Amino acid sequence: MNIAARDMKHAYRIDIQPLSGTVTAFHGDVVVAQTDQAKVMFETRLPPTVYFPKEDVQAEIIGDSELQTFCPFKGTASYCDLRVDGQIFKDAIWCYDDPLPESEGIAGYVGFMPNVVTELDTGDNVLPEPADGNLTGPLVDWLLREAPAIQTPEELTRELALNFIAQGISVSRISIMIWSLHPLIIGRNFVWNKASDEVNSYAPSWEIHDHPAFANSPLRHVASGLGGVRHRLVGNSDQGDFPILQDLRKKGATDYVAMPLPFSDGRKNVLTLTCDHPVGFTTENLGLVFECTPIISRLFEVFTLKDNAQSLLETYVGKRTGARVLGGDIRRGDGDEIDAAIMFCDLRGSTRLEEELGRREYIDLLNQFFETASTMVQDNGGEVLKFIGDAVLAVFPAERDGSRARHNALKTAREIVGHLGADRAGPETLAMECAIGLAYGRVMYGNVGSRERLDFTVIGQAANIAARLGDFGKTCGHSIVTTSDFQTQDTQLLSLGDVALHNVSRPVSAYSGDDTPEPFLQLDPAAT
């Protein structure tokens with residue numbers, strides 16, 4: 001008997017047909033299974049799969065395996081080990097105990113892994129080779145021609161939903177969860193709803209891992225590599241353990257699927273589709289989506305790579321510098337001559353603090369210090385260029401207003417000192433003090449380093465003087481020491497006289513930028 005697969009062109013299909021006569025599965029010369037009720041499943045782009053009634057398996061079935069896999073068209077497959085001629089094969093057979101409607105013909109049947117069945121005698125049945133179904137159509141054309149020109153992931157999500165609907169896929173909600181590389185957020189979630197035809201974007205923090213709603217969600221299930229999720233939300237179907245399914249059902253949803261959206265680096269992002277059609281998604285619906293996920297993944301990966309690059313650059317070199325690097329300033333020597341106020345802020349007594357607090361508590365304290373300094377620098381229009389040990393190097397570009405840059409730098413320094421002083425209530429921050437040097441001048445703002453390893457920084461006399469003034473402040477008992485550039489009619493500072501600084505050819509007129517003339521707690525300079 002010649003079994004012909006039904007026409008699968010232009011749509012993803014599953015077709016199950018009975019085989020006539022006796023069908024036998026062998027492992028070498030050993031009969032593994034034999035039946036007169038075999039069935040064959042034809043699935044788009046896959047070779048025909050022969051299924052046997054479970055009771056007709058002659059090899060010894062050894063319990064249930066822990067392995068489970070998911071198919072959006074067939075359901076969840078469970079696996080069993082098999083003993084054949086004294087040899088045990090792990091996860092040798094699979095079955096769909098509760099298959100989805102389009103595959104219900106294989107309920108109670110099992111399939112064999114290729115390493116178990118080495119020969120299959122189908123009798124008079126001739127199984128055709130798989131036909132490569134061609135699924136091209138309006139949706140694929142849009143993904144290839146128009147979607148790559150879309151400028152934002154929010155717009156891509158909305159247009160994807162509208163093209164699904166135009167293709168006859170009754171989506172009422174789409175959620176796309178993309179994991180990112182960011183120190184504060186775990187990723188970005190784009191959610192489109194048909195009722196509003198709007199996309200809402202969310203940026204959950206890393207704490208989402210500890211939230212019960214995420215721990216018991218399809219997002220975690222799929223992202224953890226546990227397979228996809230498919231639940232029909234009508235009738236008396238099992239709702240599973242995911243609370244969101246109950247919420248969607250109350251809103252009129254009839255079907256739900258969550259599937260992996262893999263990136264090229266192996267990360268499993270998540271695409272979820274919710275249906276409001278009375279009969280739910282069809283096999284053709286989900287097959288088309290399934291076939292299109294590789295290109296959908298790549299489109300979102302492009303946005304994610306750009307977002308990750310920006311996030312990482314902003315994290316490690318700051319927003320202004322990150323923008324310049326992304327703009328093409330990536331060669332050694334690339335940079336500008338700018339006028340800027342330079343701030344060098346050094347935590348005092350680090351060696352002693354680490355000895356008294358211990359490494360872990362000291363690192364927590366150091367992070368508090370960096371957080372305080374960075375926040376105040378950014379709030380006043382400056383940028384932290386780098387952390388150097390226990391010190392912060394920041395720049396306040398003059399642009400067209402040098403007096404404003406100097407004002408903001410001094411204001412920032414005073415706020416940092418005041419904040420650290422206010423935090424001395426607890427014993428762990430009792431001696432958290434800093435020494436700040438401020439200078440103003442023309443510096444080179446750009447790339448220096450080797451040909452393969454660059455550092456975006458400021459180079460110039462002002463940067464050197466700022467660091468030396470900070471060192472001088474440690475010995476003279478002033479929290480903030482500035483050059484004469486910061487002395488104005490509106491800002492009267494205490495003169496500290498001309499100071500000879502290391503590696504500075506001429507003495508520098510130094511001023512105390514402290515709000516009050518009282519020096520802070522004197523510390524042994526050797527302990528800094």
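Up top you'll find the structure we're talking about.
On a predicted model such as this, the values are computed, not experimentally measured, just so you know.

Cut-offs used in this document
Residues numbered from 1 in each chain as written. Predicted model: local features only at pLDDT ≥ 70, side-chain atom pairs only at ≥ 80, totals over all residues. Heavy atoms only, no water. Helix = DSSP H or I, 4+ residues; strand = E, 2+ residues; numbered from the N terminus. Buried < 20%, exposed > 50% of the residue type's maximum accessible area, 1.4 Å probe, protein only. Contact = heavy atoms within 4.5 Å. Pairing = 2+ DSSP bridges. Axes fitted to C-alpha atoms, helices over the stretch in contact; angles between N-to-C directions. Core = buried A, V, L, I, M, F, W, Y, C linked by side-chain atoms within 4.5 Å. Polar contact = N/O pair within 3.5 Å; in protein donor to acceptor, adjacent residues only side chain to side chain. Parallel < 35°, antiparallel > 145°, perpendicular 65-115°, else oblique. Left-handed = near helix turned anticlockwise from the far one by under 90°. Disulfide = S-S within 2.5 Å. Phe/Tyr/Trp six-rings, centres within 6.5 Å; stacked < 30°, edge-to-face > 60°. Lys NZ or Arg CZ within 6 Å of the ring centre and 35° of its normal. Nonpolar A, V, L, I, M, F, W, Y, C, P; charged D, E, K, R; others polar.

Peer 1: So what exactly am I meant to see when it comes to the overall build of the protein chain here?
Peer 2: Broken down by element type, the protein chain carries eleven helices and 24 strands. The buried share of the protein chain, taken over its 528 residues, is 48%. A sequence separation of at least 24 residues applies to 61% of the contacts in the protein chain between residues at least 6 apart.

Peer 1: Explain unusual backbone geometry to me, please; I cannot follow it from the model alone.
Peer 2: Residues other than glycine predominantly adopt negative phi, and peptide bonds predominantly adopt the trans conformation. Even without being a glycine, Asp-197 presents a positive backbone phi close to 50°. As for its placement among the helices and strands, Asp-197 is situated in the loop between β12 (187-193) and β13 (198-202).

Peer 1: Explain the sheet that holds strand β9 (residues 109-112) here, please?
Peer 2: Hydrogen bonds between backbone atoms are what pair the strands of a sheet, whose relative direction is either parallel or antiparallel. Pairing is antiparallel across the open sheet formed by seven strands, whose spatial order is β1-β4-β5-β9-β8-β7-β6. The open sheet is flanked by β1 (14-18) and β6 (60-71), the only strands paired with a single partner. Neighbouring strand axes in the sheet, compared pairwise and without regard to direction, differ in orientation by 35° on average. As paired elements, β1 and strand β4 (residues 39-43) share five bridges and run antiparallel to each other. Bridge pairing in β4 places Ile-14 opposite Glu-43.

Peer 1: Can you help me understand the nonpolar core in this one?
Peer 2: Proteins that are soluble and globular tend to have nonpolar side chains buried together. If you look at the biggest cluster of nonpolar residues, it comprises 46 residues, and the most contacted ones within it are Leu-143, Phe-164, Ile-174 and Leu-273. For this core, the element with the highest residue contribution is helix α6 (residues 283-317), accounting for eight residues. Leave out the neighbours within four places in its chain, and Leu-143 touches Pro-148, Leu-160, Cys-292, Ile-295, Ile-296 and Leu-299. If you look at the next biggest cluster of nonpolar residues, it comprises 33 residues, including Leu-357, Ala-394, Ala-405 and Ala-413.

Peer 1: Is there a simple way to think about the environment of Glu-55 in this case?
Peer 2: Mapped onto the secondary structure, Glu-55 falls in the loop between β5 (49-53) and β6. For Glu-55, a relative accessible area of 65% gives the class exposed. Remark: the alpha-carbon pair of Glu-55 and Thr-35, spanning 20 residues in sequence, is separated by 9.2 Å.

Peer 1: Would you take a moment to explain the sheet that holds strand β3 (residues 30-35) for this structure?
Peer 2: The three strands lie next to each other as β3-β2-β10, forming an open sheet whose pairing is antiparallel. Whereas interior strands pair on both sides, the edge strands pair on one side only; in this sheet they are β3 and β10 (119-121). Here the average twist between neighbouring strands, direction ignored, is 20°. Two strands pair when backbone bridges link them, and strand β2 (residues 23-27) and β10 are joined in this way by three bridges, in the antiparallel orientation. Its bridge partner lying in β10, Phe-26 is registered against Glu-119.

Peer 1: Can you walk me through the environment of Ser-512 in this structure?
Peer 2: With respect to the secondary-structure elements, Ser-512 resides in strand β24 (residues 508-512). With 36 residues separating them in the primary sequence, Ser-512 and Cys-476 have C-alpha atoms 9.8 Å apart. Not counting chain neighbours up to four residues away, the residues in contact with Ser-512 comprise His-478, Ile-480, Leu-493, Leu-494 and Leu-496. Looking at Ser-512, its side chain comes within polar contact range of the side chain of His-478, at 3.0 Å. Polar contacts involving the side chain of Ser-512 include one to the main-chain amide nitrogen of Asp-514, which spans 3.3 Å.

Peer 1: Explanation requested: the pairing of strand β11 (residues 171-179) in the structure shown.
Peer 2: Every other side chain in a regular strand lies on the same face of the sheet, so the side chains alternate between the two faces. In terms of burial, β11 is a largely internal element, nine of the nine residues being buried. In this sheet, strand β16 (residues 268-275) lies alongside β11 in antiparallel orientation, the contact comprising six bridges. The partner of Arg-173 across the bridge, within β16, is Thr-274. Sheet analysis places β11 next to β12, joined by seven bridges and oriented antiparallel. Across the sheet, the residue bridging to Arg-173 is Asn-193, located in β12.

Peer 1: What exactly am I supposed to notice about the packing of helix α8 (residues 350-357) against helix α9 (residues 359-379) here?
Peer 2: Helix-helix packing: each pair is described by the crossing angle between the helix axes and the interaxial distance. Two numbers describe how α8 lies on α9: the axes approach to 7 Å, and their chain directions differ by 135°. Considering the angle they form, α8 stands oblique to α9. The two elements α8 and α9 cross, and the hand of that crossing is right-handed. Across from Ser-350, Leu-353, Glu-354 and Leu-357 in α8, the residues of α9 making contact are Arg-359, Glu-361, Tyr-362 and Leu-365.

Peer 1: Can you help me understand the pairing of β13 in this one?
Peer 2: Bridge analysis of β12 against β13 gives five bridges, and the strand direction is antiparallel. Counterpart to Asn-193 in the pairing with β13 is Glu-198. Taken together, β12 and the strand that follows it, β13, pair antiparallel across an intervening segment of four residues, in which Asp-197 is found at a positive phi of about 50°.

Peer 1: Looking at this structure, how should I read the state of the cysteines?
Peer 2: Think of a disulfide as a covalent bridge from one cysteine sulfur atom to another cysteine sulfur atom. All told, the structure shown has zero disulfides when counted by the stated rule. Cys-80 supplies the cysteine sulfur nearest to Cys-95, a cysteine that is in no disulfide, at a spacing of 5.8 Å. A relative accessible area of 5% places Cys-95 in the buried class.

Peer 1: What should I look at first to understand the packing of aromatic side chains in this one?
Peer 2: Each aromatic ring pair is specified by the distance between its two centres and by the angle formed by the two planes. Taken as a whole, this structure holds six aromatic pairs when the rule is applied. Their ring planes at 80° and their centres at 5.6 Å tell us that Phe-52 and Phe-112 sit as a pair that is edge-to-face. Here Phe-52 is found in strand β5, whereas its partner Phe-112 is found in strand β9, with 60 residues between them in sequence. Aromatic pair Phe-369 and Phe-370: ring centres 5.7 Å apart, planes at 40°, arrangement tilted. Across the ring face of Tyr-440, the terminal group of Arg-406 is positioned such that the distance to the ring centre comes to 4.5 Å.

Peer 1: Would you mind going over the side chain of Ser-175 with me for this structure?
Peer 2: Looking at the element boundaries, Ser-175 is found in strand β11. Using a relative accessible area of 4% as the deciding quantity, one classes Ser-175 as buried. Leaving out residues up to four positions away in the same chain, Ser-175 has contacts with Asn-189, Phe-190, Val-191, Val-270, Leu-271 and Thr-272.

Peer 1: Help me out: how do you make sense of the packing of helix α1 (residues 138-145) against helix α2 (residues 153-166) in this one?
Peer 2: Relative to each other, α1 and α2 sit at 160°, their axes nearing to 10 Å. Taken together, the axis directions place α1 and α2 in an arrangement best described as roughly antiparallel. Between α1 and α2 the crossing geometry is right-handed. Between α1 and α2, the contacting residues are Leu-139, Trp-142 and Leu-143 on the first element and Leu-156, Glu-159, Leu-160, Asn-163 and Phe-164 on the second. Residue composition of the contact of α1 with α2, grouped by class: six nonpolar, one polar and one charged.

It is worth stressing that arrangement in space is one thing and function is another; only the former is reported here.
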